[in-house]
Structure formats: structure tokens, C-alpha cells
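Descriptive analysis of the structure
Below, each chain spelled out in residue letters.
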Amino acid sequence: MATRRTYTVQTKKGLNLREEPSKQSKILALLAFGEKVIIDPSAETPDGWVAVKSGGYVMKEFLK
């Protein structure tokens, strides 16, 4: 089982937090540049989405 890790949003325009792991999914919130999120690496999809602990999904490529 992978442990949860804290990442930082790296896109200056912010990062959409989505309801489902899809660009067509409903946007739940806009995460600001520099904002910290906790993700579960074991919940990563093959196309790069990761589950956020507080709920929703983001693209891992925009996190550091």
C-alpha cells in the first residue's frame, strides 16, 4: 500500500480539481499556484490523474 504524499500545485493559472478523473468532469474547485494537496499515489490512473485526499482528482503532471 502506497503512502499518501503532499504535493504543491505548479501551474500559475491554477489547477482544476475535478469530480472524476476526466477533463470533461465537473470542476469542484480551482487550486491556486503553490497550494499544497495530499494525494494517494496508489490511486493514480494510467493517464495521469490522482485522487486528492479531500476529494476529487487532479492531473499529477501539474504537481511537484
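Look above for the structure.
Quantities reported herein were computed from a predicted structural model and do not represent experimental measurements. (Residues numbered from 1 in each chain as written. Predicted model: local features only at pLDDT ≥ 70, side-chain atom pairs only at ≥ 80, totals over all residues. Heavy atoms only, no water.)

Focus: the packing of aromatic side chains
If you walk through the whole model with that rule in mind, you get zero aromatic pairs. The cationic tip of K12 hangs over the ring face of F33; the distance from NZ or CZ to the ring centre is 4.2 Å. (Phe/Tyr/Trp six-rings, centres within 6.5 Å; stacked < 30°, edge-to-face > 60°. Lys NZ or Arg CZ within 6 Å of the ring centre and 35° of its normal.)

Let's talk about the side chain of R18
Along the chain, the position of R18 falls in strand β2 (residues 15-18). Buried charged residue R18 carries no salt bridge. Nearest counter-charge: E19, at 9.5 Å. Side-chain polar atoms of R18 contact the backbone oxygen of K23, separated by 2.9 Å. (Helix = DSSP H or I, 4+ residues; strand = E, 2+ residues; numbered from the N terminus. Buried < 20%, exposed > 50% of the residue type's maximum accessible area, 1.4 Å probe, protein only. Lys, Arg positive; Asp, Glu negative; His and termini not counted. Salt bridge = Lys/Arg side-chain N within 4 Å of Asp/Glu carboxyl O. Polar contact = N/O pair within 3.5 Å; in protein donor to acceptor, adjacent residues only side chain to side chain.)

Examining the pattern of salt bridges
As enumerated under the stated definition, the model contains one salt bridge in all. E44 serves as the salt-bridge partner of K60, at 3.5 Å between the closest nitrogen and oxygen. Linking K60 in the segment after β6 (57-59) with E44 in the loop between β4 (36-40) and β5 (49-52), this pair joins segments that are 16 residues apart in sequence. Assessed through its relative accessible area of 36%, E44 is described here as partly exposed.

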